[in-house]
Amino acid sequence: MPKQGHFISFEGGDGSGKSTQVNRLAAALKAKKIDAVLTREPGGSPGAEEIRALVLRGDPARWNPLTEALLFYAARADHTERLIKPALFDGKWVISDRYSDSSYAYQGGGRGLARETVRRIEAIAIDDFKPDLTIILDMDVEIGLKRSVARQGNAETRFEEMDVAFHQRMRKTFLDIARRNPQRCVVIPADREVDEVADAVWQTVKKRFRLR
Ligand code: TYD
């Protein structure tokens, strides 16, 4: 059965405002009578939410980069098969706060796993499945980390605890992904007012999916 819905992922560093922008986009779609399914990674399905605790809590060095990538993709395979694809086959819009590009940026760029290794794991876990549109919220790493630490009230801080150089490599990887995939990815500068970012996101979505 052909896919009918639309799949949008949001990517960016810690503190780049993704979850706010996911909600703003959902509200803008709702005003056009489009009800989107909102989800996030790691997580989004019951099994993937269980894996979330394994990867986001504890010592930053808890897993080696390969094991960590396998865990993220195990969660992603479950999320994709059980939530994302069924919703798309139903004709729904799905918006995910992070998807596969995060593994290239964090486990690849950040933790140094070879891009080819991530690609091979990805091929097994989700085949060539990709979002129709990926919005990369880009901003200065140090400002993002300050924001993100300021709002953390929980134990899911493994990646915030990595050093600034880690986050800079992660940011660079997102920008490389955008350069390599201009059809799918749009980079939106995120160190400005929430309303301005939301407007840029909305213009991008309207144009890409020809909404009026
Ligand atoms: P989360 O608490 O959801 O924060 P954020 O608002 O930054 O998305 O934490 C998700 C963390 O997991 C984030 O630091 C990025 C990291 N991550 C990876 O390292 N690899 C992945 O494949 C995914 C999806 C997330």
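Residues numbered from 1 in each chain as written. Predicted model: local features only at pLDDT ≥ 70, side-chain atom pairs only at ≥ 80, totals over all residues. Heavy atoms only, no water.

Engineer: I keep staring at the sheet that holds strand β3 (residues 93-97) and nothing clicks. Help me out?
Structural biologist: Strand pairs in the sheet, formed through backbone hydrogen bonds, run parallel or antiparallel to each other. Strand order in the open sheet formed by 5 strands is β2-β3-β1-β4-β5, and the pairing between neighbours is parallel. Edge positions in the sheet fall to β2 (36-40) and β5 (185-189), since each of these pairs with one other strand and no more. Taken over all neighbouring pairs, the strand axes of this sheet differ in orientation by 20° on average, direction set aside. As paired elements, β2 and β3 share 5 bridges and run parallel to each other. Across the sheet, residue A36 finds its bridge partner in β3, namely W93. (Pairing = 2+ DSSP bridges. Helix = DSSP H or I, 4+ residues; strand = E, 2+ residues; numbered from the N terminus. Axes fitted to C-alpha atoms, helices over the stretch in contact; angles between N-to-C directions.)

Engineer: What should I look at first to understand the layout of surface pockets in this one?
Structural biologist: Empty pockets left among the atoms are what a rolling probe the size of a water molecule brings to light. The calculated volume of the largest pocket comes to roughly 740 Å³. Contributing to the lining of the largest pocket are 37 residues, with D14, K18, D97, R98 and R151 lying nearest its centre. Among the elements of the structure, α1 (18-31), α2 (46-56), α3 (65-89), α4 (101-110), α6 (141-151) and α8 (194-208) are those that each provide at least two residues to the lining of the largest pocket. Residues belonging to the lining of the largest pocket are distributed by class as follows: 8 nonpolar, 14 polar and 15 charged. (1 Å grid on protein atoms, 1.4 Å probe; cavity = no way out; pocket = protein on both sides within 12 Å on 5 of 7 lines; lining within 4 Å. Points joined across faces, edges and corners; volume = space filled by probe spheres on them. Nonpolar A, V, L, I, M, F, W, Y, C, P; charged D, E, K, R; others polar.)

Engineer: What should I look at first to understand unusual backbone geometry in this one?
Structural biologist: With the exception of glycine, the majority of residues adopt a negative phi angle, and the majority of peptide bonds are in the trans configuration. The peptide bond linking E41 to P42 adopts the cis configuration, its omega dihedral lying at -10°. With respect to the helices and strands, the residue P42 is situated in the loop between β2 and α2. Despite not being glycine, R98 shows a phi value in the positive range, around 80°. Following the sequence through the fold, R98 ends up in the loop between β3 and α4. What makes R98 buried here is its relative accessible area of 11%. (Buried < 20%, exposed > 50% of the residue type's maximum accessible area, 1.4 Å probe, protein only.)

Engineer: What exactly am I supposed to notice about the site of the ligand here?
Structural biologist: Near the ligand, the surroundings consist of 15 residues, among which D14, K18, R98, S103 and Q107 are the closest. Residue D14 places a side-chain N or O atom 2.8 Å away from an oxygen atom belonging to the ligand. For the ligand, a nitrogen atom lies 2.8 Å from a polar atom in the side chain of Q107. Relative to its unbound accessible surface of 550 Å², the ligand loses 93% to contact with the protein. Mapped onto the shell around the ligand, the elements with two or more residues apiece are α2, α3 and α4. (Near = heavy atom within 4 Å. Polar contact = N/O pair within 3.5 Å; in protein donor to acceptor, adjacent residues only side chain to side chain. Areas by Shrake-Rupley, 256 points an atom, 1.4 Å probe, with all protein chains shown as cover.)

Engineer: Just checking my understanding: could you explain the packing of α3 against α4 for this structure?
Structural biologist: The relative placement of two packed helices is expressed as an angle between their axes plus a distance between the axes. Taken N-terminus to C-terminus, the directions of α3 and α4 make an angle of 170°; their axes are 10 Å apart at the nearest point. One way to sum up the angle between α3 and α4 is to call them roughly antiparallel. Side by side, α3 and α4 meet where P65, E68, A69, F72, Y73 and R76 of the first sit next to S103, Y104 and Q107 of the second. Partitioned by chemical class, the residues of the contact of α3 with α4 number 5 nonpolar, 2 polar and 2 charged. (Parallel < 35°, antiparallel > 145°, perpendicular 65-115°, else oblique. Contact = heavy atoms within 4.5 Å.)

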